[in-house]
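Structural overview for review
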Amino acid sequence: MAQASGKSAGKSFFGKFGVHIAVLIFVVIWTIPTLGILVSSLRDKDQIIASGWWNSFSSSTQTEAGRLPGPEAQVEKDGRFVIEGNIFGDGPARTISAFGVRSATPTQFQAGQAADLGDGVTLQLNPDGTFVLSSPVAIEGRGQRVYYASSAPPRFTTENYETVLFSEGIGRSFINSLTVTVPATIIPIMIAAFAAYALAWMRFPGRALIIATIIGLLVVPLQMTLIPLLQLYNGVALFFGVPSKTYLGIWLAHTGFGLPFAIYLLRSYMAGLPKELMESARIDGASDFEIFLKIVLPLSFPVLASFAIFQFLWVWNDLLVAIVFLGSGSDQLVLTGKLNALLGSRGGDWEILTTSAFVTIIVPLIVFFSLQRYFVRGLLAGSVKGG
Amino acid sequence: MADLTLRQIKKAYGAINILHGIDLDIQSGEFVVFVGPSGCGKSTLLRTIAGLEEITSGELKIAGELVNDVPPSKRGIAMVFQSYALYPHMTVYDNMAFGMKIARENKAEIDRRVKQAADILQLTKYLDRLPKAMSGGQRQRVAIGRAIVRNPRVFLFDEPLSNLDAALRVATRIEIAKLKESMPNTTMIYVTHDQVEAMTLADRIVVLKDGRVEQVGTPMELYHHPGNLFVAQFIGSPAMNIVPATVEKTGASTTISITGGRKAEVPVATPADAAGAAISFGVRPEDLRIATGDSVLFEGRIDYIEQLGEVQLVYLDIGRPDTPLVVKLPGNSELKRDQLLKVDADPATLHIFNAKGRSFARDHAPALAA
């Protein structure tokens, strides 16, 4: 044993190094898309189009077209007719690097240089946007067309979030998703904890059969149950005269789909608790209910948390069950459904899509990071003693 | 405060019988130790008394009351487990108070009794700790404290010292002995496979084997007058030497012929029909001594010597391969391997067992019964 571990320690330098490299690569691969969504969602919508999020901290360069004011703005100065002003008007300031007057050569002249436009007409466009158009004769016709390459400083904003939350309906869908997910997580935990205790620690006829049935239910695909369940719901709804697509309905559906795994996971964990604890509690006079409540439940917290993560993430990310058991009105459309709809209607508006996506993943991220130490522990539940 | 009566207690798991009809009377205030090899049913017997295992048939009475179907908490017992079985998420205080809280006793009373138990076991400054922050010995004391708080009529210990290291085991053993002294009215039943614990703690020892009681008696009774071969070899370390023999002359005193040739006079009465019977002859290693006179019990070549300092164990080849005769001699005896050695023993320390392994009824010499 000691020899074996010594051996593995001996060759572990490269092993460990390799593992660390691999972990780093996986972390980067996994994290980059999330980071991209976050950065994009915080950028100005024009800049998203101009450059990728990885360039978001450098200025973005874009070529634009503008028109100088018409002849009415000209003043006579030292025998020449001059028009002066700022190409950006009252808009946000940018830095101009080059300009031109023909669309074929938009960056023909350096900014700050006086360009000769022919017939003695000169145009000088400075980096800060101020310009001087000077002509020996009175300027006529429409204002001069000017093309220029300008770079804008990076601009980060929370406007996108205001937009999606309050005018695109993501806020409402967020609340709908929470309305579905929170009870659909809590209800199965409560039922499964009781069931798991009974199946682990109480003796009654048919116990092994029930456990076998539950294990069997683990492999039943939920798609198989959609039609019969929906028919059942419709029948019940018809009988009581209530709508068939309700939050209560989807809570029960998610509860049913989650229970086999929940009971299986919790039971194997609880069965691993030392038998002497229960016996000691029984000698102390505790009933099964008290043992469950005061001994088993507190000790099972890691596995409860771990199942809660599983169930929460699964329900939060679910689209199929939500489509089947909930309506598509704004009062029932969940985030996944809303995202799907946005992809159709606002497919080109990246600022809307990235922001909506980030709003959608923020809750799973919080749940995962706050409970992650239970996540792994729960995965190992029952397989490793004292894990 | 309570005596126990066990009548034909049987326990079976399906077709497998663990206990084959145990009869036992335990007096109020007695310290009784169940001892036996692993798998002998001693823990099962304790757990049936606790009510953690159902009794298949038979009667169990505590203080005269039939408790076969009474739940553990109503039997007036408290149990200390080998693994301590402390509630890991509760402080020491809550561990000890748990039973009383379940019973909805009033807070002041709970507090008084927990503090009192903590005081007895010197746990007062650890009351706010969680079990994981305590050493093995402290945890075992908490487990004992939890039992004391219940104020039981019968204390049950299931191998409470097995998880402790050797030094701590001795210290805790003495603590348990003192605890017993401070609670003279409480009946205590203690399960162990360690005969040292059994000998030092018990008022009476119950030796079990394969679900049957082999012998019940005080430690010295078991040591000096083992009822059968099993008890003779189980109690005492190293185990008693057993050598086949035949009966030469029966009567108030028996003459036997030990395989190997020598004869011995054993002051034990045997019935006339035992003449010529093949029997087992037993003598403890510590009862053997180097023969100085003409009387010689065994003679053999020294095969091996284990020097323990205080004593030495001498393995004597007496012509029976694989089963040398063990002789415990003072550590300062000058002995060498391959040397011939003659040993002898006081006739009063000799044991003879019939073909079934039962000890021939033996008149109790007044000096030994003390």
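Thresholds, definitions, all that
Residues numbered from 1 in each chain as written. Chains lettered and ligands numbered in written order. Predicted model: local features only at pLDDT ≥ 70, side-chain atom pairs only at ≥ 80, totals over all residues. Heavy atoms only, no water. Axes fitted to C-alpha atoms, helices over the stretch in contact; angles between N-to-C directions. Helix = DSSP H or I, 4+ residues; strand = E, 2+ residues; numbered from the N terminus. Parallel < 35°, antiparallel > 145°, perpendicular 65-115°, else oblique. Contact = heavy atoms within 4.5 Å. pLDDT = per-residue confidence, 0-100. Pairing = 2+ DSSP bridges. 1 Å grid on protein atoms, 1.4 Å probe; cavity = no way out; pocket = protein on both sides within 12 Å on 5 of 7 lines; lining within 4 Å. Points joined across faces, edges and corners; volume = space filled by probe spheres on them. Nonpolar A, V, L, I, M, F, W, Y, C, P; charged D, E, K, R; others polar.

1. With respect to the packing of helix H5 (residues 170-201) of chain A against helix H13 (residues 335-345) of chain A
All names here are of chain A.
- Two elements in contact, H5 and H13, have axes separated by 8 Å at closest approach and are oriented at 150°. Between H5 and H13, the angle is such that the two are roughly antiparallel. Mapping the contact onto sequence places Ile170, Ser173, Phe174 and Ser177 in H5 and Leu335, Lys338 and Leu342 in H13.

2. Brief notes about the confidence of the model for chain A
All names here are of chain A.
- Taken residue by residue, chain A gives an average pLDDT of 85. The fraction at 70 or more is 94%.
- Every residue in residues 1-9 is under pLDDT 50, and counting partners more than four places away or in other chains gives zero contacts.
- Note that pLDDT drops below 50 for residues 381-387; the model gives that stretch six contacts with residues more than four away or on any other chain.

3. What to know about the sheet that holds strand S9 (residues 204-209) of chain B
Residues and elements named next belong to chain B.
- Read across the sheet, six strands follow the order S6-S7-S8-S3-S9-S10 without closing on themselves; strand pairing throughout is mixed. Looking along the sheet, the strands with just one partner apiece sit at the ends: strand S6 (77-80) and strand S10 (212-217). Recorded for the sheet is a direction-independent mean angle of 20° between the axes of neighbouring strands.
- Here S6 runs beside strand S7 (residues 154-158); their pairing, made up of four bridges, is parallel. Looking across to S7, one finds that Val80 is bridged to Phe157.
- Against the sheet, helix H4 (residues 136-149) contacts S6 and S7, and its axis sits at roughly 175° relative to S6.
- Of the strands in this sheet, strand S3 (31-35), S7 and strand S8 (187-192) touch helix H5 (residues 166-182), which is tilted by about 160° from S8.

4. Let's talk about the layout of surface pockets
- A volume near 780 Å³ is recorded for the second largest pocket.
- In terms of lining, the second largest pocket is formed by 27 residues, of which the most central are A:Trp201, A:Arg203, A:Arg282, B:Leu52 and B:Glu53.
- Of all the elements in the fold, those that place two or more residues in the lining of the second largest pocket are H5, helix H9 (275-283) and helix H10 (288-299) of chain A.
- Of the residues forming the lining of the second largest pocket, the biggest block, four residues, is contributed by H9(A).
- Across the lining of the second largest pocket, the residue classes break down as twelve nonpolar, three polar and twelve charged.

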